[in-house]
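# Structural features, examined
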Amino acid sequence: MGDEGINNRIEQLVTEEHALYERSGEGGLSSDEHRRLESLQVGLDQCWDLLRQRRALREASKNPEGASVRDPEVVERYEQ
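Residues numbered from 1 in each chain as written. Predicted model: local features only at pLDDT ≥ 70, side-chain atom pairs only at ≥ 80, totals over all residues. Heavy atoms only, no water.

## Topic: the overall build of the protein
Counted only if it meets this: A run of DSSP states H or I qualifies as a helix once it reaches four residues; a run of E qualifies as a strand once it reaches two. Both are numbered from the N-terminal end. Atoms counted for the radius of gyration: C-alpha only. Globule rule: 2.2 Å times residue count to the power 0.38. Type-normalised accessible area, obtained with a 1.4 Å probe on protein chains alone, sets the label of each residue: buried when under 20%, exposed when over 50%, and partly exposed for intermediate values. Whether two residues are in contact is decided by their heavy atoms, any of which lying within 4.5 Å being enough. Method for areas: the Shrake-Rupley scheme with a 1.4 Å probe, in which residue coverage is limited to the protein chains shown. A positive count includes Lys and Arg, and a negative count includes Asp and Glu. His and the chain ends are not counted in either. For the purpose of locating charges, the reference atoms are NZ of Lys, CZ of Arg, CG of Asp and CD of Glu.
Secondary structure assignment for the protein yields 3 helices and 0 strands. Traced from its N-terminal end to its C-terminal end, the protein shows the element sequence α-α-α. At 15 Å, the protein has a C-alpha radius of gyration far larger than the 12 Å of a compact globule built from 80 residues. Overall, the C-alpha framework of the protein stretches about 50 × 25 × 20 Å when taken along its three principal axes. Looking at the protein as a whole, 26% of its 80 residues are labelled buried. Counted over contacts in the protein with a minimum sequence separation of 6, partners at least 24 positions apart contribute 54%. Accessible surface, the protein: about 5700 Å² in total, of which carbon and sulfur atoms supply 46%. Here the protein holds 11 positive side-chain charges and 18 negative ones, and the gap between their average locations is 6 Å.

Right under this line is the structure:
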């Protein structure tokens with residue numbers, strides 16, 4: 001997946017995340033919705049990480065296609 005595809009996926013995930021946040025303010029979320037929200041957050045972290053990897057490879061004059069999606073355990077342990 002190229003940068004444009006990753007950015008499109010990020011936009012989709014953010015849209016769904018915002019919809020769930022709006023619902024949470026209107027009376028709360030079901031347990032399924034809470035799990036989906038957590039899943040969206042992990043997916044976003046993975047997408048941003050993949051985009052950063054691709055940019056770093058490009059800056060190092062390497063093929064950005066060498067970037068890969070990392071496991072949730074890896075991206076969720078990054079310090080902000």
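## Topic: the packing of helix α1 (residues 3-25) against helix α2 (residues 31-59)
The axes of two packed helices give the description: the angle between them and the distance between them. In plain terms, the rule: With axes taken as lines fitted to C-alpha atoms, and helix axes fitted only over the stretch in contact, angles between N-to-C directions fall between 0 and 180 degrees. Any angle between 65 and 115 degrees counts as roughly perpendicular, while under 35 counts as roughly parallel, over 145 as roughly antiparallel, and the rest as oblique. Less than a right angle of anticlockwise turn of the near helix away from the far helix marks a crossing as left-handed, whereas a clockwise turn marks it as right-handed.
Across the interface, α1 lies against α2 with an axial gap of 9 Å and an inter-helix angle of 155°. Regarding the angle of α1 to α2, the classification is roughly antiparallel. Read as a crossing pair, α1 and α2 show a hand that is left-handed.

## A short note on the pattern of salt bridges
The cut-off we apply is this: Salt bridges are identified by distance alone: a Lys or Arg side-chain nitrogen within 4 Å of an Asp or Glu carboxyl oxygen.
Taken as a whole and judged by the stated rule, the model has 7 salt bridges. Between E16 and R36 there is a salt bridge, with the nearest N and O atoms lying 2.8 Å from each other. Placement of E16 in helix α1 and of R36 in helix α2 is noted, with a sequence separation of 20 residues between them. Taken together, the shared-partner salt bridges connect D3, R54, R58 and E65 into one network.

## Quick look at unusual backbone geometry
The phi angle of most residues is negative, glycine excepted, and most peptide bonds adopt the trans form. At S61, a position not held by glycine, the phi torsion is positive, near 60°. Here S61 lies in the loop between α2 and α3 (72-75).

Limitation: the analysis is restricted to geometry and does not speak to function.
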